[in-house]
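Descriptive analysis of the structure
Now for the letters of each chain:
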Amino acid sequence: MTLAFRASQHLDLPVEHQTERLRSYLREEDRVIRALLDARQIDRIEPGRYRYDLTTLKVFQLQVCPVVWLGIKHGDGIITIQATDATIEGVGLVDDFELSLEAVLEVADQGLKGEARLGVNVSQPPLLKLIPKRVLESTGESILSGILMTIKGRVGRQLVRDFQDWCLQSTEQQETDSDTSEQLG
């Protein structure tokens, strides 16, 4: 029997200072991805492609560790993240795990706005056959909602802080470059 879980989350994030620089910041792919997700759990495979090891989750009697490969695309003031592949490590009880993720973060008038949709399709593991399908699905949806809420909280704290740090660093770099060129000139 196949189980299906879905969750989504919307984001409106005001940014108080230097909003005109958000477009440039979103082009800093590696930096933005590490600010959105836990940097300790993500590895860059190549430009535009990452491996993300989610925190081990305990679902009833099973411990699962999802691993997701992410594809990143960016345009003018927008970054899109999609799951390109996913597996569950350390279980061996399910062979038909499918994870879908589509997330968009874009520059808005007063800051950033975004939308994320997360879904999982998986066969019911033999260890959980006695638990009704609806109970398993509602538990799965709660877990997915929790994952998205955690990421949303991180965006609200960590991404904005990283954007502010980036603005400060790039301003300092511009001043250093300007001082160097004045000394040479």
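First, a word on scope: everything that follows refers to the structure included in this document. In this text the structure is predicted, and so the values were computed from the model without any measurement. (Residues numbered from 1 in each chain as written. Predicted model: local features only at pLDDT ≥ 70, side-chain atom pairs only at ≥ 80, totals over all residues. Heavy atoms only, no water.)

**Some remarks on the pairing of strand β8 (residues 111-123)**
Relative to β8, strand β1 (residues 2-14) is paired through 13 bridges, and the arrangement is antiparallel. Among the inter-strand pairings, S8 is bridged to a residue of β8, identified as R117. Sheet topology note: the strand β7 (residues 98-108)/β8 ladder contains eleven bridges and is antiparallel. Bridging across to β8, E102 finds its partner in R117. Counted between consecutive antiparallel strands, the loop separating β7 from β8 contains two residues. (Pairing = 2+ DSSP bridges. Helix = DSSP H or I, 4+ residues; strand = E, 2+ residues; numbered from the N terminus.)

**Some points on the pattern of salt bridges**
A side chain with one charge can pair with a side chain of the opposite charge if their charged atoms come near. One pass over the structure, following the stated rule, counts ten salt bridges. Here R23 ties to D76 by a salt bridge, and the two come within 3.7 Å at their closest N and O atoms. Of the two residues, R23 is situated in helix α1 (residues 22-26) and D76 in the loop between β5 (62-75) and β6 (78-89); the sequence distance between them amounts to 53 residues. Among the residues examined, R23 registers a relative accessible area of 35% and is labelled partly exposed. (Salt bridge = Lys/Arg side-chain N within 4 Å of Asp/Glu carboxyl O. Buried < 20%, exposed > 50% of the residue type's maximum accessible area, 1.4 Å probe, protein only.)

**Overview of helix α2 (residues 29-36)**
Among the residues of α2, those classed as buried are E29, V32, I33, A35 and L36. Along the axis of α2, the buried residues cluster in a sector spanning 165°; they form a single face. (Arc of directions from axis to C-beta.)

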